[in-house]
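Remarks on the overall topology
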Amino acid sequence: MSERILVLGATSGIAEATCRVWARQGASLVLVGRSGEKLAAVAGDLKARGAKFVETLVCDLDETSRHPQLIADAVNALGGLDVAYLAHGIMGDQQQSEESFDAAAQVIYTNFLSPVSLCTLLSNYFVKQGRGVLAVISSVAGERGRKSNYVYGSSKAGLSAFLDGLRNRVDRLGVTVLTIKPGPVKTAMTMGMKGSEKFADVDKVAATIVAAIRAKKDVLYVPGIWAIIMFVIRHIPESIFKKLNL
Amino acid sequence: MTGTPPFEPWGRYPKYNATVVPLQWQSDFPAIVSRNGGMHNGALAVGMGRSYGDVCLLKDGNLMVTTGMNRILEWNPETGILKAEAGMTLAQILDFCVPHGYFLPVTPGTKYVTLGGAIANDIHGKNHHVAGTFGCHVPEFELVRSDGTKLICSPTENPDWYAATIGGMGLTGVMTWAKLKMKPIVSRKIDYEGIQFHGVDEFLALTEASKNVEYTVSWIDCSSTGKNFARGVFMQGDHTRNPGELKPSPEPKLVFPIEAPSFMLNSASVAAFNTVFFHKQMKKRVTALQDYEPFFYPLDKVLKWNRMYGSSGLLQFQYAIPWEHAREGTIAILNEVAKSGLASFLAVLKAFGDVPSPGMLSFPQPGITLALDFPIKPGKSFPLFDRLASMTLEFGGKLYPAKDARMTAAQYQTSYPQWQQFLKYKDPLLSSSFWERVTREA
């Protein structure tokens, strides 16, 4: 049987690459994003690559009041749900966030509050069903606040902690919660950034994510080296850390 | 493009600063043009940056990188027509199409180029004598101008724009998608044959005898003189007719790890390499059943092999000389190279056929083409390049913009007289360092 997958933020670079892996495996997909035109381009590509079924739903995921209907529509289109994949998020502008609470609040709304709303609804759906996988993209940036992007980082830290707790609650009820913590990945979002030549290949990251979902893992650092890097960074004493330029 | 600014092309020369602007969606251009205040200093759409010289650079301008625009829009397994966004690479097309029993109609020696780049440079392959250029297999594409105009181009719809854009070096607008007519195959294997030869006349005789073989190309030793002058290996192949595996060849694993010190590539080491390569094939004639990967892309196996030439880089010199002077021109140029004592590792000789290119400014024309690469040593290799360029023009030939970084404006304008006709189709926002160099003065 083909997997029935809901993808939130389907036009992001990592999400699109992940969907291509699923399409080749003949999965059924509902794609959610803000732009109908972009969703149509992604959907056409996935159909050509072998997806069994693709439907698109246009929604700004900041509108949390629309989430219950959105999930109902997706479940209805797919005739059930096996995997929900949350990939939406914004990088924000650290400098703007330092100057304006509104800018910081926007980052935290999109990266933390919106996923909390979706995860609450989806995990309750999966609990009722007695099974399901909730896979959520957080970030290694959530492991420790750094001056270069602590607003983005703290939104992801909040998300990671929320997912830890949610996993603790629903794991015994048959529901898998996977926290995905990518390091820097080569996508349109990071193109031209300093050192982007060395960033991880998005297709390899996508293949790793699909494998982790299938294996029902809890936490995935991708590429794996980031587990070691972040272990070290978490253990630098604050008296030293605060003086570092990170 | 490779690396962070300053940007460098595949040959790593020249290097220029530029701003990177990703084009990820078909609607991004020209929306980003107005968003960025008209993009001062101009713009150029680029793909993988695999052109050797400055045709994929724009000094201090905006490089719009199209590789995120790599979606399949339509696929018809009956007709073999693929409609895809222009940033899809030939590697990605092969990964998709080989399992369906289709192969690229024309492929260059690397699969790491984009569909848009292949059309913009109207590239050619080992089957030029039977299949013509890449553009011959592109029934339709969309061109978007910086003022927002969209043009569907085909041999019958906007045919003048079609002709200007194929081989138009990305200067007529941004290509958002293109259709490509793929070629059916029954196996990923190639029936290969390698034949040793001595001299240009033997090469020409083998070329004549292999008219009906789809793929032919020759490696030639251009460091030897005397009785070994212009010795080489004539390589030919056809897609095998015996049904077999239709899985893409596996991805290369090797990455050339470091920048080689330039002393590693001197005339002695190249002469040694050439001798080994010539005699690697022990017999006069060998046959083999080969995967398409080593047959078409032997160098892709060593990703970033351009590092072999160190940070100063390499430059290719590729000419096309019409049949009228092809034999004498080739002998004269090979003599000049051998005499210079400068080493070329990868000298490739091939006869172009007479299938006409659809492009106004396309490089291939009936005759002989020779590609040589040299490490860049400004005091030594540049004077040789300049001599070879003048000789090429004297023999009625022309150089390949995708591999050039040295041609003078006068040389370009003499050998590509259609350039003035082309000006009518050039987008006012788009330019390249190549274009600025060759149109600067008369």
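Throughout what follows, the structure given in this document is the object of discussion.

What counts and how
Residues numbered from 1 in each chain as written. Chains lettered and ligands numbered in written order. Predicted model: local features only at pLDDT ≥ 70, side-chain atom pairs only at ≥ 80, totals over all residues. Heavy atoms only, no water. Salt bridge = Lys/Arg side-chain N within 4 Å of Asp/Glu carboxyl O. Helix = DSSP H or I, 4+ residues; strand = E, 2+ residues; numbered from the N terminus. Buried < 20%, exposed > 50% of the residue type's maximum accessible area, 1.4 Å probe, protein only. Core = buried A, V, L, I, M, F, W, Y, C linked by side-chain atoms within 4.5 Å. Contact = heavy atoms within 4.5 Å. Phe/Tyr/Trp six-rings, centres within 6.5 Å; stacked < 30°, edge-to-face > 60°. Lys NZ or Arg CZ within 6 Å of the ring centre and 35° of its normal. Buried area = accessible area lost by both parts, 1.4 Å probe. Pairing = 2+ DSSP bridges. Axes fitted to C-alpha atoms, helices over the stretch in contact; angles between N-to-C directions. Parallel < 35°, antiparallel > 145°, perpendicular 65-115°, else oblique. Left-handed = near helix turned anticlockwise from the far one by under 90°. Nonpolar A, V, L, I, M, F, W, Y, C, P; charged D, E, K, R; others polar.

A short note on the pattern of salt bridges
Applying the stated criterion to the full structure yields 35 salt bridges over all chains. The salt bridge involving Asp-82 of chain A is made with Arg-4 of chain A; its shortest N-O contact spans 3.2 Å. Here Arg-4 of chain A lies in strand 1 (residues 4-8) and Asp-82 of chain A lies in the loop between helix 3 (67-78) and strand 4 (83-86), a separation of 78 residues in the sequence. Accessibility expressed as a relative area gives 16% for Arg-4 of chain A, which makes it buried. One salt bridge in this structure joins Arg-231 of chain B and Asp-221 of chain B, with 2.8 Å as the shortest N-O distance. Of this pair, Arg-231 of chain B sits in strand 13 (residues 231-239) while Asp-221 of chain B sits in the loop between strand 12 (215-220) and strand 13; the two residues are 10 residues apart in sequence, bridging distant segments of the chain.

As for the nonpolar core
Ranked by size, the top nonpolar core spans 116 residues in total, and within it Ile-93, Phe-103, Phe-134 and Tyr-412 of chain B carry the most contacts. Counting residues per element, this core draws most heavily on helix 10 (residues 378-394) of chain B, which supplies 6 residues. With near-sequence residues (within four places) excluded, Ile-93 of chain B lies in contact with Leu-82, Met-88, Leu-104, Leu-115, Leu-180 and Met-182 of chain B. Counting 40 residues, the second largest nonpolar core, distinct from the first, contains Leu-39, Ala-51, Val-205 and Ile-209 of chain A.

Structural notes on the packing of aromatic side chains
Residue and element names in this part refer to chain B. By the definition in use, this model includes 26 aromatic pairs over all chains. Relative to Phe-363, the ring of Phe-352 lies with its centre 5.9 Å away and its plane at 85°, an arrangement referred to as edge-to-face. Separated by 11 residues along the polypeptide, Phe-352 in strand 18 (residues 348-352) and Phe-363 in the loop between strand 18 and strand 19 (367-375) bring together distant segments of the chain. Per residue, the accessibility class of Phe-352 equals that of Phe-363, and both read buried. Aromatic ring contacts, followed pair by pair, group Phe-103, Tyr-192, Tyr-215, Tyr-292, Phe-295, Phe-296 and Tyr-297 into a single cluster. Positioned above the aromatic ring of Trp-25 is the side chain of Arg-71, whose terminal nitrogen or guanidinium carbon lies 3.8 Å from the ring centre. Here Lys-126 stacks its cationic end above the ring of Phe-295, 5.7 Å away from the centre of that ring.

Considerations on the interface of chain B and chain A
How large an interface is tends to be reported as the accessible area lost when its parts come together. With 17 residues of chain B in contact, the opposing surface of chain A contributes 19 residues. Both sides together, the interface formed by chain B and chain A hides about 1,500 Å², and carbon and sulfur atoms give 58% of it. Linking chain B with chain A are 1 salt bridge, by the criterion used here. Across the pair Glu-16 of chain A and Arg-71 of chain B runs a salt bridge, and its minimum N-O distance is 2.6 Å.

Observations regarding the environment of Ser-65 of chain A
Residues and elements named next belong to chain A. For Ser-65, the position within the fold is in the loop between strand 3 (53-58) and helix 3. Judged by its relative accessible area of 64%, Ser-65 is exposed. The sequence separation of Ser-65 and Ser-117 amounts to 52 residues, and the corresponding C-alpha distance is 9.0 Å.

Things to note about the sheet that holds strand 2 (residues 43-46) of chain B
Residue and element names in this part refer to chain B. One open sheet holds the 3 strands; their spatial order is 1-3-2, and the pairing between them is parallel. Here the strands that pair on one side only, and so sit at the sheet edges, are strand 1 (19-22) and strand 2. Strand-to-strand twist of the sheet, defined as the mean angle between neighbouring strand axes without regard to direction, takes the value 30°. Strand direction decides the pairing type here: strand 2 and strand 3 (residues 62-65), joined by 4 bridges, are parallel. Each residue of the ladder has a partner; that of Val-46, found in strand 3, is Val-65.

Some words on the packing of helix 9 (residues 323-340) of chain B against helix 10 of chain B
All names here are of chain B. It is the contact of helix 9 with helix 10, at a shortest axis distance of 10 Å, that shows an interaxial angle of 165°. Taken together, helix 9 and helix 10 sit at an angle that is classed as roughly antiparallel. Note on packing geometry: the crossing formed by helix 9 with helix 10 is right-handed. Each of Ala-332, Ile-333, Glu-336, Val-337 and Ser-340 in helix 9 lies in contact with helix 10, whose residues at this interface are Leu-384, Arg-387, Leu-388, Met-391 and Thr-392. Here the contact of helix 9 with helix 10 is composed, by residue class, of 6 nonpolar, 2 polar and 2 charged.

With respect to the pairing of strand 11 (residues 189-198) of chain B
Residue and element names in this part refer to chain B. Of all 10 residues in strand 11, 7 are buried, a share of seventy percent or more. Taken together, the 7 bridges between strand 11 and strand 15 (residues 285-291) define a ladder with antiparallel strand orientation. Bridge pairing in strand 15 links Gly-194 to Val-286. Sheet topology note: the strand 11/strand 13 ladder contains 9 bridges and is antiparallel. Paired with Ile-190 across the bridge in strand 13 is His-239.

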